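Now for the letters of each chain:
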Amino acid sequence: MWCTRYAHFCKETLRTCRTASSVANVNKNINELVLLGQKYVTDDWTNITPNVISKLGRNLHVKQYHPLWLLRQRIVDYFYKQFPGKSGTPAFSIHDNICPVVTTSQNFDSLLVPKDHPSRRKSDCYFVNQDTLLRAHATAHQAELISMGLNNFLVIGDVYRRDEVDSTHYPVFHQVDAVRLCTLQEIFHDVNDPAGLKLFEHSGTETADKQGCHTLEAVKMMEQELKSTLIGLAQTVFGKDVQCRWVDQYFPFTHPSWELEILFNDKWLEIVGCGVMRQEILQKSGAVDRIGWAFGLGLERLAMRLYSIPNIRLFWSEDISFLNQFKVDDHNAHIQYKPISIYPPCTNDISFWLPEDGSYFPNDFYDLVREIGGDMVDQIILKDEYVHPQTKRMSHCYSIVYRHMERTLTQREVGEVHRKVARVTDAKLNVTVRIQK
Ligand code: PHE
């Protein structure tokens, strides 16, 4: 979101989540929305959907024996072992209960995300109103936790992004973010004669290797610790022989920045984004004598490979035949998910003329289909784009693959949903539906 694929991503104390059974409530008349027990005013930025709202408070990452919980336990164990604190208590603290409703200043401004950065677009995030959204990354809490005086912490939670629809993307997923801040003494504790070493230099310039204010020696020490920590994590999760490579990356909140990729079934898969934290974030949060590294990783992406889970929607399943496969005494146990059976897909097409004023965004269509079809929708594929030779109007043709995780769908019930998709698309998206079959 921050980097390659997209061009778009109250100073309050951190609120924690309520695990309420009824988490949301829309009152159309007074333009307000209740999320996790808190009221919010809605406005013309509001694009949060009932399907997404229904996921608030599910907190899969804290549900004992859930595959996302098993994986997070492995990651937490690794950090506890790798970074023992002074008096035997772990150096890293864990924050897995922070409310996912955040301000734009938490999600973007506190992380130096430019005002015109593509990740801020309405088409990429779920907004509650103009100033409030469902966090698009766990990094949203970094500056506040540093302001509270923390130096080593992990933030684990649900994050929300408007995105494509396929077997590996879902509007809600889970991230683990880490921050580690070090003083001069901590970085160079192994050096015999540290007298001439510094963290900062004053008239430095920014290069590909470092920020202007940092010394190259301090950055290299941080880079080394960050990279060996993440390679160690990849080996702990995927085994000693996992093949890894580093790719340079860009994030507004770190420099230099990298992505770690692992070789999985002959394909390179990016698993974590990371870098040396922008010093301005530390300065504004009161950590002026420290330098930091940070990373963020997506749990579903790793868990799907680790446990051979073929579809991201399965994580939301409450079917005991799914959940029971992960009930193990030891969270390090080797588990391979066995599909109970594979239900056939049922594919239907829809095509429509786009409005000429540029007001059509595919993500609006994807959300609408998800709203209507729920978890019956497996994939939405843009099959064809066509420009009419005379009128120059553009048309999009999509294949919607309907497939249930737990049973076989009939063409009759799919047909009903598909006709509703066509009707609502035509009515709500300012498009003209041409064919639906
Ligand atoms: N927040 C980034 C993302 O969601 C990941 C990241 C975290 C990168 C911290 C660098 C530092 O893609």
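Residue indices begin from 1 for each chain and proceed along its sequence in written order. Residues qualify for local features only when their pLDDT is at least 70, as the model is predicted, and side-chain atom pairs are given and counted only at 80 or more; totals for whole chains, interfaces and linings, by contrast, use all residues.

**A closer look at the overall build of the protein chain**
And step 1. A run of DSSP states H or I qualifies as a helix once it reaches four residues; a run of E qualifies as a strand once it reaches two. Both are numbered from the N-terminal end. The helix and strand tally for the protein chain stands at 11 helices and 17 strands.
And step 2. Overall, the protein chain is about 75 × 50 × 45 Å in size when its C-alpha atoms are taken along their principal axes.
And step 3. Labels follow a simple rule on C-beta atoms placed from the backbone: if 20 or more others lie within 10 Å of a residue's own, it is buried; if 12 or fewer, it is exposed; otherwise it is partly exposed. Relative to its full complement of 437 residues, the protein chain shows a buried share of 36%.

**A word on the pairing of strand E15 (residues 377-387)**
And step 1. In this sheet, strand E16 (residues 394-402) lies alongside E15 in antiparallel orientation, the contact comprising nine bridges. Directly across from Asp384, in E16, lies its bridge partner Cys397.
And step 2. For two strands to be treated as a pair, DSSP must find at least two bridges joining them. Hairpin connection from E15 to E16: six residues lie between these consecutive antiparallel strands, with Lys392 at a positive phi of about 65°.

**Observations concerning the domain arrangement of the protein chain**
And step 1. Here the protein chain is partitioned into domain 1 (33-312) and domain 2 (346-434).
And step 2. The source of the domain bounds is an automatic or database domain assignment. The straight-line distance from the C-alpha centre of domain 1 to that of domain 2 is 34 Å.
And step 3. Our contact criterion uses C-beta atoms placed from the backbone: two residues qualify when those atoms are within 7 Å. On the domain 2 side, the residues contacting the 10 residues of domain 1 number 12 residues.
And step 4. Under the convention adopted here, Pro, Cys and the residues Ala, Val, Leu, Ile, Met, Phe, Trp and Tyr are nonpolar, Asp, Glu, Lys and Arg are charged, and Gly plus all remaining residues are polar. A class-by-class count of the residues in the side of domain 1 that touches domain 2 yields two nonpolar, five polar and three charged.

**Description of the sheet that holds strand E12 (residues 267-277)**
And step 1. Spatial strand order, E4-E8-E9-E13-E12-E11-E10: seven strands in an open sheet with mixed pairing. Both outer strands of the open sheet, strand E4 (93-95) and strand E10 (244-251), are each paired with one neighbouring strand and no more. Neighbour to neighbour, the strand axes of the sheet diverge by 25° on average, direction disregarded.
And step 2. In this sheet, strand E13 (residues 291-298) lies alongside E12 in antiparallel orientation, the contact comprising five bridges. Its bridge partner lying in E13, Val276 is registered against Trp293. Axis definition: a line fitted to C-alpha atoms, limited for helices to the stretch in contact. Angles are taken between N-to-C directions and run from 0 to 180 degrees.

**A closer look at the nonpolar core**
And step 1. One finds Leu71, Leu133, Met222, Leu230, Cys274 and Ala303 to be the most contacted residues of the largest nonpolar core, which totals 81 residues.
And step 2. Broken down by element, this core gets its largest block of residues, eight residues, from helix H6 (residues 216-238).
And step 3. The contact partners of Met222, leaving out residues within four places of it in the chain, are Val276, Ile291 and Trp293.
And step 4. For this analysis, nonpolar core means a set of buried Ala, Val, Leu, Ile, Met, Phe, Trp, Tyr and Cys residues linked through C-beta atoms within 7 Å. One finds Phe352, Val369, Met376 and Val431 within the second-largest nonpolar core, a separate group that totals 18 residues.

**Notes on the UniProt feature "domain: Aminoacyl-transfer RNA synthetases class-II family profile" (unreviewed entry) in the protein chain**
And step 1. Mapped onto the present numbering, the UniProt feature "domain: Aminoacyl-transfer RNA synthetases class-II family profile" (unreviewed entry) falls at residues 156-339.
And step 2. For residues 156-339, helix accounts for 24% and strand for 29%, while the C-alpha atoms at its two ends are 28 Å apart. UniProt positions are given in the numbering used here, feature names are shortened, and annotations may be inferred rather than shown by experiment.

**Examining unusual backbone geometry**
And step 1. With an omega dihedral of -10°, the bond running from His255 to Pro256 counts as a cis peptide bond.
And step 2. By the secondary structure assignment, Pro256 is in strand E11 (residues 254-264).
And step 3. One non-glycine residue, Tyr65, adopts positive backbone phi at about 75°.
And step 4. The residue Tyr65 is located in the loop between helix H1 (50-53) and helix H2 (67-82) in this model.
And step 5. For Lys392, which is not glycine, the phi torsion reads 65° and is therefore positive.
And step 6. Locating Lys392 in the fold gives a position in the loop between E15 and E16.
And step 7. A residue is classified by how many C-beta atoms lie within 10 Å of it, and Lys392, with 8 of them, is exposed.

**Overview of H6**
And step 1. A rise of 1.5 Å per residue sets the reference length of H6, with its 23 residues, at 33 Å; its end C-alpha atoms lie 32 Å apart and thus fit the reference within 8%.
And step 2. Every buried residue of H6 is accounted for by Ala218, Val219, Met221, Met222, Leu226, Leu230, Leu233 and Ala234.
And step 3. Here the buried face of H6 lies against H2, helix H5 (184-187), E10, E11, E12 and E13.
And step 4. The positive-phi residue at the C-terminal boundary of H6 is Gly239, with phi of around 100°. Expected helix span is taken as 1.5 Å per residue step, with the number of steps being one fewer than the number of residues.

**Focus: the site of the ligand**
And step 1. Contacts to the ligand come from 13 residues, most closely from His137, Thr139, Gly273, Ala294 and Gly296.
And step 2. The set of elements that each furnish at least two residues to the shell around the ligand consists of E12 and E13. Only the C-beta atom matters for nearness: placed from the backbone, it must lie within 6 Å of the molecule or strand for the residue to count as near.

**Considering the environment of Leu282**
And step 1. With respect to the element layout, Leu282 can be found in helix H7 (residues 279-284).
And step 2. It is 13 Å that separates the C-alpha atoms of Leu282 and His141, two residues lying 141 residues apart in sequence.
And step 3. Contacts of Leu282, omitting those with residues within four sequence positions, involve Ile146, Leu181, Met277, Ala287, Val288, Arg290 and Gly292.

**With respect to the pairing of strand E9 (residues 172-182)**
And step 1. Burial analysis of E9 places 11 of its 11 residues in the buried class, the great majority of the element.
And step 2. The alternating pattern of E9 places Val172, His174, Val176, Ala178, Arg180 and Cys182 and Phe173, Gln175, Asp177, Val179 and Leu181 on opposite faces, both of which are buried.
And step 3. Inspection of the sheet shows strand E8 (residues 152-160) paired to E9 by nine bridges, in the antiparallel sense. Along E9, the bridge assignment pairs Val155 with Asp177.
And step 4. Note: E9 against E13, eight bridges, orientation antiparallel. The partner of Leu181 across the bridge, within E13, is Gly292.

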